[in-house]
Amino acid sequence: MPNDAPANTAELRAQLAAARASAALHAKRGELLVHERDQMHQVMIQIRGSLFWRATFPARVLVDLCRTNSSRRTQLRMVMGRARDIANDEGWPAVWRRGRAFLHARKTPSTTAASGQALGSPPATDAHLLLAANVLIVAELSIVQCAKYRVWQKQTMFGLLGMPARVVNWTDDLACRSALATASFVILYRVPADKQVLALITMARALRVPVWYDLDDLIFDRDLYLQDRNVRALPAAAREGVLGGAPLYRQALLACDGAIASTPSLARAMLAAGVPETLVVENALDEETLTIAENLPKAPPNDGIIIGYGSGSRTHDGDFMQAAPALLAVLRARPQARLRLIGEVTLPAIFADVAAQIECLPATGFASYLHTLAACDISLAPLEPSPFNDAKSNIKFLEAAILGVPSICSPRAHFAEAVDASCGFLADTDAAWEAALLALIDDSELRAKLAQAAQARVRARYTPAAIAQAQLRNLVAKIDAPPAKDLDLLMVNRCFPPQFLTAAAATIAGTAHALARRANTRVSVVTSVDRFTAHGTLTRYDEDGIAVFAIPVPAADAILAFDNPLAAEHFGAILDATQPAIVHFYDIAGMGVALVKTCRSRGIPYVITLHDTWWLCARGTMMREDRSHCRQITINPRACTACLPLARYLDTRATLLGYALEYAALLIAPSDAHRALYLANGADPARIVTLPDGITMPAQPRRPRASGKIRFCYAGGLAPEDGFQVLARALANWPRDAFDIHLINSPHDGLDWHRQPVIADLGGTVRIANPDDATRHDEFFANIDVVLYPAQAPVGVGGVVHEALVRQVWVITTACGGPAEPVMDGKNGQVLPLDANAAVWRAAIGHALHNSTPIFDTTRPALTGIISIDQHTDTLHEILRKKCAPTPRRHMA
C-alpha cells in the first residue's frame, strides 16, 4: 500500500546499511586471513629454499611413493600422461625442451614488484596542492577522557569547518602508514618518539605532509614536571615511570612542524622548548556533555549543601590539600554542609571529627560522574601552584558550569582566564577558600546567580562550534585546498611505472602523462603493488609529476581477483582525498570490481576501457585449459562451468561485473571487434564507443629495400594466448640462413630470451633485442620486414601490429580482433584464422620467404583505424569532460 512506502524505504535502507556493515566486517576478517596466508607462504618459500629441504627431497619422494594413497604417484601419472600427449603432437624432443624450460622457470627469480623493486620517487609537490584538504589524527586513545577532549572533539570541530578528519590509533602501524598516503595534514596527539612514530614523521616529510603535535599536559619537560608536588610525592618507581616518558614526548614534539596546545601557558612552554610555531585550541563542551546536561532530570533540593570534588587519581592528593584546611573549618562551622568526594582521594586524618559529613563515591563513567556532580550545590577545582598545573585546562569549571553548579577554583592560569567574580570564585589562600565556601553555602541567590552566569559564558565560548570558529580555524587556514580544474581525473590500472608493465599498461601510462600535460587538467593514478613490496600499506609516490597511489594486493586469489573489499577500503580513502570529477578504469584484475561499487556509493561517474575480455571471462583470456580459444561469442555460463568446474563463483562474478558495466557512464572499446564482442554480451550500443589506443607515428618514411634476407620479428610473451608455442613449432628446423628472427626482451614482465632454451630449436638466425623507447621506434622497425602476431585469443589493442603497419612493415597475424582490423590481406599483410596451427603458420612463413615482393614494396594503401597518441588523447579528453561536471575541491567554510 502507498502508506507503507516510507516504511519499506526505511527498511531497505536499514538492510543496505546492515549488508555494508557485514561486508566491511568480513573484509577485515578476510584481510587478517590473507595476511596470515601470505606470511605462511613466505615461510614455505624459505623452508623450500633451504639446504635441508633440498637434501631430503629424495627421501620424501621415496616415502610418498611407498604410501597406499600417494599424491606423488598421482602427480607422476599426470606428468607422464601430459608427456605422451606432447610427444604425440610434437615428438619426444619437444618433451625434453618443455621440461628444460619448466625447470629453468622455477629457478629464475621473478623481476616483478614482488621481488622488492622500489616504488617511484617521493612527491615533489606539497600534499595540500594535490589532495583535498583533510586531516589525519594519529592519537593515543587509551586515556579515555584525554581522547574525548583532544581527539574526538577535534574531529568534530574539523567537521564543523567542513574539513574531514580521520582518527587512527598510533599503535596500529599499518593503518597509520596507509592513512598517511591520503592525508594533507597530520596531527600527532600525545605519542612518544617510538620507532614507528619517528618513521611516520619521516614518511610524512617524504610525502610533503605537514605534521603538528597536540598536547594537553606538560609531560614533555622533566624539570617542570618535577615541580609538581603530586609527582614528587609518588613512590620512586612510579615517579620514574611518569617522568621516564618525558624525553620521548619532547623528541616527538620537536620533530614536528608545529604544536597545538590546550592552554596558552602550555603553548608558551612548547615555544620555550624549541617548537617553531604553536596554536591554542582549548577543550570544549562536546555534544555528549551538552546532551547529558540538557537531559538531566530536575533534582529535588538537597537536604543541606553538598560540596563536590572529583579526582581522577591519587596523584591529585596534593591538589585537594589546597582547599582541605578551609573545607575542614567550613564543615565544622556549617553542620548542614556535606563534602562529596568522587574518585580516588586520600582523606587526611584531620577530617576524622567531621567524617559524618563526608561522602566518598567511587570513580564512575563520564555520564554517571556528571549526574553526580549535577546533584551538588558547589563544585571545587583546587590545583596547587606549579608550572604543570598552570598548563592544565579549565575543564572542571566548564563541566560544573554547564550543569548549573557554581565553582570555586584555584587561580591557575587557564582558570583565571575563564573565571571572574561575575561567574565564580578564585581562591589561592586558606582564607580565600573559606570565605568563598561560606558565601556560597549561606546565599542561595548568589549560587544561582553565579551558576547562571557561568553557564551562559561557557555556552557562548566553549562549545565545539565556538572553539572551531575562534581557534581551530587558524589551523585550517594553513591547509589550503588545491585549485579546481576543468577535468579532475583519477585513472585506475593494476600496472603503472615503475612497477612491472605490460604493453597495454605502458600505453595507459603514456595516456596518463599526455592527459596530465593538458591545460587545466589534473590526473591522479591508482595502481596495485605486491603486499610485501608495500609492507601491506597504501603508498603514494610521484611518477613524472603524477600522484600515484599503490594499493597493496595479496597473492593471486580467484575471488579477490574480481571482488577485493580490502582494496575497496583503500580506494575509498583515495576517492575522498583526490575528489575526482570522473574515474577511468582500465585493467583492475586483482583490485576488483569493488572499486567500481565504491564510485557508485559516492556518486562519482566512471568510464571503463575494455582492453581485454576480463569483464566477460573468469580466465580473462577466453582460453580453455588446453590452450585453445573457447570460441564463444555470447558467453554461455554452462560452457564456462565446464571450463572451470571448481569455480562456483561464476554466476556471482557475472552479476558483479555486469553491474559495473551497466552503470558506467560510458564503455570504451579499443577496436570494433571488441565492441562487437561486448555488444553480443548485452552492452548498450548507445553507451559503448570505439576508441583505438594511440601509437607513436613515424617521423620519416621507410627507406625502400628491394631484396635481401627476410627479417621477422616476434614481440610478444610466453603466455598461451600470445601463441609463441605455435609459432615456435612453425619456425623449427628451418636453415640458419633462411631468415632472421628478432625476439624482444621484456624485463618488466620477467622475459629474457637469452634464458629460454626453446630458442635453440628455432630455425633462421635468432637475434635478441632489448626494448627501446618510443623515440626509437623508427630505428627499430627499419630493421624489420615482417611482424609475426600469432595471438590465440581475442585482443583489443593494436599495439605492435599498428606500430609496424604505419611504418610500412608487413604483418602476419591471426584474426584476433583489434590488431588485425587494419590488415588488408595481400596488401599490407596476411590474416590467418584465430586457431591457425603450426602447419598453417609454417606455410604462411614459407609463402613470405618465396613471395617477398609485396613485403619490400612500401607503396601501400592508406590505413584506417590507427590514430596517434595525440589524437587518442584529444578524443579521450573530450569524452571525459562531457561525462563529468567540473567538481570543485573541498574548500573551507
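Criteria and thresholds
Residues numbered from 1 in each chain as written. Predicted model: local features only at pLDDT ≥ 70, side-chain atom pairs only at ≥ 80, totals over all residues. Heavy atoms only, no water. Core = buried A, V, L, I, M, F, W, Y, C linked by side-chain atoms within 4.5 Å. Buried < 20%, exposed > 50% of the residue type's maximum accessible area, 1.4 Å probe, protein only. Contact = heavy atoms within 4.5 Å. Axes fitted to C-alpha atoms, helices over the stretch in contact; angles between N-to-C directions. Helix = DSSP H or I, 4+ residues; strand = E, 2+ residues; numbered from the N terminus. Parallel < 35°, antiparallel > 145°, perpendicular 65-115°, else oblique. Nonpolar A, V, L, I, M, F, W, Y, C, P; charged D, E, K, R; others polar. Arc of directions from axis to C-beta. Disulfide = S-S within 2.5 Å. Polar contact = N/O pair within 3.5 Å; in protein donor to acceptor, adjacent residues only side chain to side chain. Pairing = 2+ DSSP bridges. Salt bridge = Lys/Arg side-chain N within 4 Å of Asp/Glu carboxyl O. Phe/Tyr/Trp six-rings, centres within 6.5 Å; stacked < 30°, edge-to-face > 60°. Patch = residues over 30% accessible without salt bridge, like charges linked within 9 Å, V, L, I, M, F, W, Y side chains within 5 Å. Areas by Shrake-Rupley, 256 points an atom, 1.4 Å probe, with all protein chains shown as cover. pLDDT = per-residue confidence, 0-100. Left-handed = near helix turned anticlockwise from the far one by under 90°.

Please explain the nonpolar core as it appears in this structure.
A general tendency of soluble globular proteins is for nonpolar side chains to be buried together. Formed by 91 residues in total, the largest nonpolar core has its most connected members in Leu 188, Phe 220, Phe 571, Val 583, Phe 585 and Trp 615. Leave out the neighbours within four places in its chain, and Val 583 touches Leu 490, Val 492, Phe 571, Leu 575, Cys 599, Ile 604, Pro 605, Tyr 606 and Val 607. Of all hydrophobic cores here, the second largest spans 57 residues; its members include Ala 139, Ile 292, Ala 454 and Ala 481.

How should the packing of helix 21 (residues 430-442) against helix 22 (residues 444-461) be read in this particular structure?
Between helix 21 and helix 22, the least distance of the axes is 5 Å, while the angle of their chain directions is 105°. What the angle tells us is that helix 21 and helix 22 run roughly perpendicular. In contact with Ala 439, Leu 440, Ile 441 and Asp 442 of helix 21, helix 22 contributes Ser 444, Leu 446, Arg 447 and Leu 450. Here the contact of helix 21 with helix 22 is composed, by residue class, of 5 nonpolar, 1 polar and 2 charged.

Can you help me understand helix 12 (residues 246-254) in this one?
Because each turn of an α-helix spans 3.6 residues, side chains separated by three or four positions in sequence point in the same direction. For helix 12, every residue scored as buried is listed here: Ala 246, Tyr 249, Ala 252 and Leu 253. Looking down the long axis of helix 12, one finds its buried residues gathered within 130° of arc, a one-sided arrangement.

Just to check I follow, could you spell out the state of the cysteines for this structure?
Covalent bonding between the sulfur atoms of two cysteines is what defines a disulfide. One pass over the structure, following the stated rule, counts 0 disulfides. For the unlinked cysteine Cys 630, the closest cysteine sulfur is that of Cys 617, found at 6.3 Å. Cys 617 supplies the cysteine sulfur nearest to Cys 640, a cysteine that is in no disulfide, at a spacing of 6.4 Å.

Where do I start with the environment of Asp 443 in this structure?
Looking at the element boundaries, Asp 443 is found in the loop between helix 21 and helix 22. Within the structure, the side chain of Asp 443 is placed 3.0 Å from the backbone nitrogen of Glu 445, a separation counted as a polar contact.

Which parts of the structure should I look at to understand the sheet that holds strand 6 (residues 278-280)?
Backbone hydrogen bonds are what pair the strands of a sheet, in a parallel or an antiparallel way. The parallel open sheet is built from 6 strands, whose spatial order is 2-1-3-4-5-6. A single partner strand is all that each edge strand has here, and the edge strands are strand 2 (165-169) and strand 6. Each adjacent strand pair in this sheet contributes to an overall mean axis angle of 25°, direction not counted. Where strand 1 (residues 135-139) lies against strand 2, 5 bridges are found, and the strand directions are parallel. Paired with Ala 139 across the two strands is Asn 169, which belongs to strand 2.

Hey, could you run me through the pattern of salt bridges in this one?
When their charged atoms lie close together, side chains carrying opposite charge are able to pair. Applying the stated criterion across every chain, the model contains 34 salt bridges. For Lys 478, the salt bridge identified is with Glu 277, shortest N-O distance 2.5 Å. Of this pair, Lys 478 sits in the loop between helix 23 (464-476) and strand 13 (487-492) while Glu 277 sits in the loop between helix 13 (264-273) and strand 6; the two residues are 201 residues apart in sequence, bridging distant segments of the chain. Its relative accessible area of 36% is what places Lys 478 among the partly exposed residues. On the accessibility criterion, Glu 277 (33% relative accessible area) is partly exposed. As a salt-bridge pair, Arg 459 and Glu 294 come within 3.9 Å of each other at their nearest N and O atoms. Taken as a pair, Arg 459 in helix 22 and Glu 294 in helix 14 (residues 287-294) lie far apart in primary sequence, 165 residues in all. Since its relative accessible area comes to 54%, Glu 294 is described here as exposed. Among the charged side chains, a salt-bridge network with shared partners connects Arg 190, Asp 216, Asp 217 and Lys 392.

Got a minute to help me understand the pairing of strand 4 (residues 211-215) in this structure?
Strand 4 sits mainly inside the fold: 5 of its 5 residues count as buried. Here strand 4 shows two buried faces, one formed by Val 211, Tyr 213 and Leu 215 and the other by Trp 212 and Asp 214. Where strand 3 (residues 185-189) meets strand 4, 4 bridges bridge the pair, whose relative direction is parallel. Note that in strand 4 the partner of Tyr 189 across the bridge is Asp 214. Two elements, strand 4 and strand 5 (residues 258-261), share 4 bridges in a ladder whose sense is parallel. Within strand 5, the position partnered with Tyr 213 by the bridge is Ala 259.

I'm lost on the packing of aromatic side chains in this one. Help?
Aromatic rings in a pair are described by how distant their centres are and how their planes are angled relative to each other. Applying the stated criterion across every chain, the model contains 14 aromatic pairs. Judged by centre distance (6.3 Å) and plane angle (40°), the ring pair of Phe 185 and Trp 212 falls under tilted. Of this pair, Phe 185 sits in strand 3 while Trp 212 sits in strand 4; the two residues are 27 residues apart in sequence, bridging distant segments of the chain. Of the two residues, Phe 185 and Trp 212, both sit in the buried class. Each ring, one from Phe 585 and one from Tyr 606, has its centre 5.8 Å from the other, and the planes form 75°; the classification is edge-to-face.

Any chance you could explain unusual backbone geometry here in plain terms?
Generally, phi is negative for residues other than glycine and the peptide bonds are trans, each holding for most cases. With an omega of 0°, the peptide bond between Pro 497 and Pro 498 qualifies as cis. Relative to the assigned elements, Pro 498 resides in the loop between strand 13 and helix 24 (503-516). The backbone of Met 622 sits at a positive phi, close to 60°, despite the residue not being glycine. By the element assignment, Met 622 lies in the loop between strand 18 (606-609) and helix 27 (637-643). The phi angle at Arg 631 is positive, at roughly 65°, despite the residue not being glycine. Checked against the element boundaries, Arg 631 lands in the loop between strand 18 and helix 27. Given the relative accessible area of 54%, Arg 631 is considered exposed.

Would you take a moment to explain the sheet that holds strand 7 (residues 305-311) for this structure?
Spatially, 6 strands are ordered 9-8-7-10-11-12 in an open sheet, and the strand pairing comes out parallel. Whereas interior strands pair on both sides, the edge strands pair on one side only; in this sheet they are strand 9 (358-361) and strand 12 (425-426). Pairing of strand 10 (residues 378-381) with strand 11 (residues 407-409) involves 3 bridges; the strand directions are parallel. Looking across to strand 11, one finds that Ser 379 is bridged to Ser 407. On top of the sheet, helix 21 reaches strand 7, strand 8 (337-343), strand 10, strand 11 and strand 12; it is set at about 165° to strand 10, its chief contact.

Would you mind showing me how to read the pairing of strand 15 (residues 539-543) here?
Consecutive residues of a regular strand have side chains that alternate between opposite faces of the sheet. Summarising burial for strand 15: 5 of the 5 residues are buried, a large majority. Of the two faces of strand 15, the one holding Thr 539, Tyr 541 and Glu 543 and the one holding Arg 540 and Asp 542 are both buried throughout.

Is there a simple way to think about a nonpolar patch on the surface in this case?
A cluster of nonpolar residues, Val 43, Met 44 and Ile 47, forms a patch on the protein surface that exposes about 220 Å² of accessible area. Mapped onto the elements of the fold, Met 44 is located in helix 1 (residues 5-48). On the basis of relative accessible area, Met 44 is assigned to the partly exposed category, the value being 35%.

Would you mind going over helix 7 (residues 173-180) with me for this structure?
Residues of helix 7 that are buried include every one of Cys 176, Arg 177, Ser 178, Ala 179 and Leu 180, and no others. Looking at the buried side of helix 7, the elements it contacts are strand 1, strand 2, strand 3, helix 8 (195-206) and helix 25 (565-578).

I keep staring at the confidence of the model for the protein and nothing clicks. Help me out?
Do not read the predicted coordinates in detail wherever pLDDT is low. Put simply, the protein has an average pLDDT of 86, and 86% of its residues get 70 or more. Contacts of residues 104-117 to residues separated by more than four positions or lying in other chains number 22 contacts, the stretch itself having pLDDT below 50. Predicted confidence for residues 889-893 stays below pLDDT 50, and this span has 26 contacts to residues more than four positions away or in other chains.

What's the story with the packing of helix 30 (residues 724-731) against helix 33 (residues 838-850) in this structure? I'm lost.
Helix packing for two helices is described by the angle between their axes and how far apart those axes are. Interaxial distance between helix 30 and helix 33 falls to 8 Å at its minimum, and their mutual angle equals 55°. With respect to their mutual orientation, helix 30 and helix 33 come out oblique. For the element pair helix 30 and helix 33, the recorded crossing hand is right-handed. Residues Val 726, Leu 727, Arg 729, Ala 730 and Leu 731 of helix 30 form the contact with helix 33, whose participating residues are Ala 838, Trp 841, Arg 842 and Ile 845. Looking at the contact of helix 30 with helix 33 residue by residue, the classes come out as 7 nonpolar, no polar and 2 charged.

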